[in-house]
Amino acid sequence: MGMKSQIARNAAVGLLVIGVVSANTGNTGTVGNGGSSADCFKAFVNTHGTAAEQAAVSHVTSVHTPAPPAGATDSTDVRTDFTGGPSGGGTGPARLISAAFAAFADWKRGDRGRVTVYDSVGEELDTRTY
């Protein structure tokens, strides 16, 4: 089985499990498959990411992708529980989060866009185009 086939198979199983767990926990932040965007992103990284990416993504509190205007690319905001802005020590993990999100977006829909990672008070920690 090729790498892409294996990832797709594992992802389908993972999404099914996330949907069942979310349906049983009363999660109201759904995105069509039964889990919040942050939960789906974390599940993907916990399955396919490195240990450093998994540790960084554990700090994600929300993922928001507004509908893009016609002809525009996706723009996603990822909020974390890091404090202190760029000098607060969250910049390194934010880079891991943005890289992991780029892989997640490519796996999920083959999308191209921009992801911006913010700390707990909305200060920008990292931006990546994918």
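Residues numbered from 1 in each chain as written. Predicted model: local features only at pLDDT ≥ 70, side-chain atom pairs only at ≥ 80, totals over all residues. Heavy atoms only, no water.

Asks: Any chance you could explain the nonpolar core here in plain terms?
Replies: Nonpolar side chains tend to gather and get buried jointly when the protein is soluble and globular. Within the largest apolar cluster, 22 residues are counted, with the highest numbers of intra-cluster contacts made by Phe41, Val57, Val60, Val63, Val78, Ile97 and Phe101. Among the elements of the structure, α2 (37-48), α3 (51-57), β1 (60-64), α4 (91-109) and β3 (113-118) are those that each provide at least two residues to this core. If sequence neighbours within four positions are ignored, Val63 has contacts with Ser37, Ala38, Phe41, Thr76, Asp77, Val78 and Phe101. (Core = buried A, V, L, I, M, F, W, Y, C linked by side-chain atoms within 4.5 Å. Buried < 20%, exposed > 50% of the residue type's maximum accessible area, 1.4 Å probe, protein only. Helix = DSSP H or I, 4+ residues; strand = E, 2+ residues; numbered from the N terminus. Contact = heavy atoms within 4.5 Å.)

Asks: Explanation requested: the environment of Ala56 in the structure shown.
Replies: Note that Ala56 resides in helix α3. Under the relative-accessibility criterion, Ala56 is labelled buried at 3%. Those residues in contact with Ala56 that lie beyond four places of it in its chain are Phe82, Pro93, Leu96 and Ile97.

Asks: How do you make sense of the sheet that holds strand β4 (residues 124-129) when you look at a structure like this?
Replies: The pairing of strands in a sheet comes from backbone hydrogen bonds and takes either a parallel or an antiparallel form. Taken in spatial order, the 4 strands of this open sheet run β1-β2-β3-β4, and their pairing is mixed. At either margin of the open sheet sits one strand with a lone partner, and together these are β1 and β4. This sheet shows a mean twist of 15° between the axes of neighbouring strands, independent of strand direction. By the bridge criterion, 6 bridges tie strand β2 (residues 74-80) to β3 in an arrangement that is parallel. The residue bridging Asp74 from the neighbouring strand is Gly113, located in β3. On top of the sheet, α4 reaches β1, β2, β3 and β4; it is set at about 35° to β4, its chief contact. (Pairing = 2+ DSSP bridges. Axes fitted to C-alpha atoms, helices over the stretch in contact; angles between N-to-C directions.)

Asks: Before we go on, may I ask you to explain the packing of aromatic side chains in this structure?
Replies: Each aromatic ring pair is characterised by the separation of its centres together with the angle its planes make. By the definition in use, this model includes 7 aromatic pairs. An aromatic cluster is present here, built from Phe41, Phe44, Phe101, Phe104, Trp107 and Tyr130 joined pairwise through their rings. (Phe/Tyr/Trp six-rings, centres within 6.5 Å; stacked < 30°, edge-to-face > 60°.)

Asks: I would appreciate a short explanation of the pairing of β2 in the present structure.
Replies: Sheet faces and side chains relate simply in a regular strand, where the side chains alternate between the two faces. Alternating positions in β2 separate cleanly, Asp74, Thr76, Val78 and Thr80 being buried on one face and Ser75, Asp77 and Arg79 remaining unburied on the opposite face. Looking at chain direction, β1 and β2 are connected through 4 bridges and run antiparallel. Within β2, the residue paired with Val60 across the bridge is Thr80.

Asks: Is there a simple way to think about α2 in this case?
Replies: Three or four residues apart is the spacing at which side chains of an α-helix point the same way, because the helix has 3.6 residues per turn. Taking 1.5 Å of rise per residue, the 12 residues of α2 would be expected to cover 16 Å, and the 16 Å separating its terminal C-alpha atoms lies within 8% of that figure. For α2, the full list of buried residues reads Ala38, Cys40, Phe41, Phe44 and Val45. Down the axis of α2, the sector holding all buried residues measures 165°, keeping them to one side. (Expected span 1.5 Å × (residues − 1). Arc of directions from axis to C-beta.)

Asks: Before we go on, may I ask you to explain α4 in this structure?
Replies: Here α4 spans 27 Å end to end across 19 residues, near enough to the 27 Å set by a 1.5 Å rise per residue. Positive backbone phi, at 70°, marks Gly110, one or two positions downstream of α4.

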